[in-house]
Amino acid sequence: MIVPPDRTPLPREFFDRPVLEVAPDLLGRVLVRTTPDGPIAVRLTEVEAYDGPNDPGSHAYRGRTPRNEVMFGPPGHVYVYFTYGMWHCMNLVCGPEGRASAVLLRAGEVTEGTELARKRRLSARNDKELAKGPARLATALEVGRALDGTDACGSGDAPLRILTGTPTGSDQVRSGPRTGVAGEGGNGDVHPWRFWIANDPTVSPYRAHTPRRRSS
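Note that this is a predicted model, so its numbers are computed, not measured.

**With respect to the side chain of Thr45**
Then comes step 1: Following the sequence through the fold, Thr45 ends up in strand E2 (residues 38-50).
Then comes step 2: Take Thr45: its relative accessible area is 0%, and that puts it in the buried class.
Then comes step 3: When neighbours within four sequence positions are excluded, Thr45 is seen to be in contact with Leu27, Ala107, Gly108, Glu109, Phe195, Trp196, Ile197, Asp200, Thr202 and Val203.

Laid out in structure tokens, this is it:
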């Protein structure tokens, strides 16, 4: 069987590059989640780069922990974390093994398995909102900590795979400050490391970091 070029899996070499090269190059690629009910595919439209020891916004800035272990490689694996006590977010690990860096998948367009995604995202007002934001994307794809460490460069029956899709032309890629990142890591002049497809309706709105209030 001949596989169309856009359905060809991305090789591990794609991810074995600096995170700031990988992140914008992921726009337009297709992430496929295989479930017992059928596949769900998302065309990636927004991502954020996190560069380990060089990045105060990264989970790996202060070194290796049980939580961020997957970020240290190999490249092409999925790093899933739990946040705010209720949401999961997913990243694709990149760069040389042993040096933690990853790309947060912030938003995308569901292109296959829309009905399955709707069942998981009952609060979505329309299909453009199904994966509009990192927690929404993970929820639509039914991604949790059980998939932490999954090889996204694996075989066709793997739970998560990343396909070639249709890469976005550089003239359509925009960049700016990362969403909700505190301190220097959220400074768009220093770290303009959020990348998105211009004018795409599935891209999430930018929100600056807001300190969480502690209950008295």
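Continuing now.
**Quick look at the packing of aromatic side chains**
Then comes step 1: One pass over the full model with this rule turns up two aromatic pairs.
Then comes step 2: Taken together, a centroid distance of 5.0 Å and an interplanar angle of 75° make the contact between Phe14 and Phe15 edge-to-face. No difference in accessibility class separates Phe14 from Phe15, as the two residues are buried.
Then comes step 3: Aromatic pair Tyr79 and Tyr81: ring centres 5.7 Å apart, planes at 40°, arrangement tilted.
Then comes step 4: Classification of Tyr79 as buried rests on a relative accessible area of 1%.
Then comes step 5: The buried category is assigned to Tyr81, whose relative accessible area is 12%.
Then comes step 6: A cation sits over an aromatic face here: Arg64 above Phe72, 4.1 Å from the ring centre.
Then comes step 7: Over the aromatic face of Trp196 sits the side chain of Arg194, whose NZ or CZ is 4.1 Å from the ring centroid.

**Quick look at a nonpolar patch on the surface**
Then comes step 1: A contiguous nonpolar patch, built from Tyr84, Met86 and Trp87 and spanning about 360 Å² of accessible area, is present on the exposed surface.
Then comes step 2: Mapped onto the fold, Tyr84 is located in the loop between strand E3 (78-83) and strand E4 (87-93).
Then comes step 3: For Tyr84, a relative accessible area of 52% puts it in the exposed group.

**What about the environment of Cys94?**
Then comes step 1: In this structure, Cys94 sits in the loop between E4 and strand E5 (102-112).
Then comes step 2: By relative accessible area, Cys94 is classed as buried at 1%.
Then comes step 3: For the pair Cys94 and His77, spaced 17 residues apart in the sequence, the C-alpha separation amounts to 8.0 Å.
Then comes step 4: Excluding residues that lie within four positions of it along the chain, Cys94 makes contacts with Phe15, Arg17, Val19, Val22, Pro75, Arg99, Ser101, Ala102 and Val103.

**Points about the state of the cysteines**
Then comes step 1: Across all of its chains, the model carries zero disulfides by this definition.
Then comes step 2: The cysteine Cys89 is free of any disulfide, with Cys94 supplying the nearest cysteine sulfur at 17 Å.
Then comes step 3: With no disulfide of its own, Cys94 lies 11 Å from the sulfur of Cys153, the closest cysteine sulfur.

Criteria and thresholds
- Residues numbered from 1 in each chain as written.
- Predicted model: local features only at pLDDT ≥ 70, side-chain atom pairs only at ≥ 80, totals over all residues.
- Heavy atoms only, no water.
- Helix = DSSP H or I, 4+ residues; strand = E, 2+ residues; numbered from the N terminus.
- Buried < 20%, exposed > 50% of the residue type's maximum accessible area, 1.4 Å probe, protein only.
- Contact = heavy atoms within 4.5 Å.
- Phe/Tyr/Trp six-rings, centres within 6.5 Å; stacked < 30°, edge-to-face > 60°.
- Lys NZ or Arg CZ within 6 Å of the ring centre and 35° of its normal.
- Patch = residues over 30% accessible without salt bridge, like charges linked within 9 Å, V, L, I, M, F, W, Y side chains within 5 Å.
- Areas by Shrake-Rupley, 256 points an atom, 1.4 Å probe, with all protein chains shown as cover.
- Salt bridge = Lys/Arg side-chain N within 4 Å of Asp/Glu carboxyl O.
- Disulfide = S-S within 2.5 Å.

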